[in-house]
Amino acid sequence: MMQLYYSPTSPFSRKVRVVLRELQLEKQISEILIDPWTDEALRAHNPLAKVPTLILDDGMAVFESAVICDYLDQVAKSAGLSGGVIPENGSARLNALKWQGLADGMMAATGRLFADSNRAEQDRCEDVMERQAQAITSGIEAIIDGLAGLRTEDAHLGTWSVLVALYYIDFRWPDRRFDIPVRVRDWMAVMSERPSFVETVFHLPHAGD
Ligand SMILES: N[C@@H](CCC(=O)N[C@@H](CS)C(=O)NCC(=O)O)C(=O)O
């Protein structure tokens with residue numbers, strides 16, 4: 001059985017966990033909750049010691065969430081389990097990957113801004129923080145502009161990635177520091193009723209995890 005190392009606060013992990021459920025691969029992957037900062041077994045597999053990391057049946061480690069999603073999409077398609085989350089066709093494929101790219105950038109900016117906000121004031125770099133905040137704000141605007149398409153197209157890797165990025169912003173700033181308009185929130189609420197979202201809700205590690 002494949003193993004997926006993940007952390008419950010990691011948006012890149014959640015993207016992969018949503019995708020593997022949407023691909024109906026749950027029975028083929030065992031999910032292992034770890035802390036990437038302290039888990040030495042993880043570094044033995046992945047020199048970067050980051051989550052998500054997928055360990056294949058032959059022991060090969062695959063990392064970078066986009067690479068893992070691409071691999072899982074191939075596994076599901078070749079097993080005939082589902083139509084996949086990455087369209088085959090040129091422009092539909094590029095569209096899905098483009099949204100994934102935007103969402104990944106927003107996740108990274110959110111993670112960095114959150115970490116920097118927790119630093120002592122004298123250790124902060126305000127310019128860098130402002131740049132991360134701008135990436136988040138402009139990313140939300142791009143999602144608003146593309147919402148009609150995201151709502152009506154069959155959901156794909158880009159759709160799942162964008163939703164996870166939006167939920168990650170809310171997870172880090174429950175006070176809604178970043179304004180996500182109601183029409184986007186309505187869409188998020190409908191999509192997040194899917195088991196793939198319910199089963200992967202962000203949470204801080206519990207004692208004993
Ligand atoms: N580009 C990577 C980003 C992965 C990443 O940054 N993971 C974070 C958690 S969200 C992590 O493992 N951080 C621990 C560390 O940086 O050592 C991906 O798409 O998988």
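To be clear, the structure that these remarks concern was listed above.
Thresholds applied
- Residues numbered from 1 in each chain as written.
- Predicted model: local features only at pLDDT ≥ 70, side-chain atom pairs only at ≥ 80, totals over all residues.
- Helix = DSSP H or I, 4+ residues; strand = E, 2+ residues; numbered from the N terminus.
- Rg over C-alpha atoms; globule rule 2.2 N^0.38 Å.
- Pairing = 2+ DSSP bridges.
- Axes fitted to C-alpha atoms, helices over the stretch in contact; angles between N-to-C directions.
- Expected span 1.5 Å × (residues − 1).
- Buried ≥ 20, exposed ≤ 12 C-beta atoms within 10 Å, placed from the backbone.
- Right-handed = clockwise from strand over helix to strand, strands pointing away.
- Near = placed C-beta within 6 Å.
- Nonpolar A, V, L, I, M, F, W, Y, C, P; charged D, E, K, R; others polar.
- Parallel < 35°, antiparallel > 145°, perpendicular 65-115°, else oblique.
- Left-handed = near helix turned anticlockwise from the far one by under 90°.
- Contact = placed C-beta atoms within 7 Å.

Novice: Where do I start with the overall build of the chain in this structure?
Specialist: Each helix and strand counted, the chain has eight helices and four strands in total. Across the chain, helices and strands are ordered from the amino to the carboxyl terminus as β-α-β-α-β-β-α-α-α-α-α-α. Taking 17 Å as the expected radius of gyration for a compact globule of 209 residues, we find that the chain reaches 17 Å, a close match to that expectation. For the chain, the C-alpha atoms occupy an extent of roughly 50 × 45 × 30 Å along the three principal directions.

Novice: Any chance you could explain the sheet that holds strand β3 (residues 53–55) here in plain terms?
Specialist: In space, the four strands of this open sheet follow the order β2-β1-β3-β4, with mixed pairing throughout. Looking at strand neighbours, the two that pair on one side only are β2 (29–33) and β4 (61–63), the edges of this open sheet. Between one strand axis and the next, the sheet turns by 25° as a mean value, whatever way the strands run. Note: strand β1 (residues 2–6) against β2, five bridges, orientation parallel. Note that in β2 the partner of Y5 across the bridge is I32.

Novice: Explanation requested: helix α6 (residues 157–172) in the structure shown.
Specialist: The periodicity of an α-helix, 3.6 residues per turn, causes residues three or four positions apart to be oriented the same way. Here α6 spans 23 Å end to end across 16 residues, near enough to the 22 Å set by a 1.5 Å rise per residue. Summarising burial for α6: 14 of the 16 residues are buried, a large majority.

Novice: What is the right way to read the pairing of β1 from this model?
Specialist: Across a regular strand the side chains alternate sides, sitting on one face of the sheet and then on the other. Here β1 lies mainly inside the structure; four of its five residues are buried. Running through helix α1 (residues 11–22), the crossover from β1 to the neighbouring parallel element β2 is right-handed. Where β1 lies against β3, three bridges are found, and the strand directions are antiparallel. For Y5, the partnering residue across the bridge sits in β3 and is T53.

Novice: Explanation requested: the site of the ligand in the structure shown.
Specialist: Near the ligand there are 14 residues, and of these S10, F12, P36, K50 and S65 occur at the shortest range. Of all the secondary structure elements, the ones that give two or more residues to the shell around the ligand are α1, α3 (65–78) and α4 (90–117). Considered class by class, the residues forming the shell around the ligand number eight nonpolar, three polar and three charged.

Novice: Can you help me understand the packing of α1 against α6 in this one?
Specialist: Packed helix pairs are characterised by how far apart their axes lie and by the angle those axes make with each other. One can describe the packing of α1 onto α6 by two numbers: an axis separation of 9 Å at closest approach and a directional angle of 140°. Classified by the angle between their axes, α1 and α6 sit oblique to one another. As for the relative orientation of α1 and α6, their crossing is right-handed in sense. Judged by residue contacts, P11, R14, K15, V18, V19 and E22 of α1 engage L157, W160, S161, V164, A165 and Y168 from α6. Within the contact of α1 with α6, the residues separate by chemical class into eight nonpolar, one polar and three charged.

Novice: What am I meant to see in the environment of L94 here?
Specialist: Topologically, L94 is positioned in helix α4. L94 gets classed as exposed once you count the C-beta atoms within 10 Å, which come to 12. Separated by 64 residues in sequence, L94 and G158 place their C-alpha atoms 9.6 Å apart.

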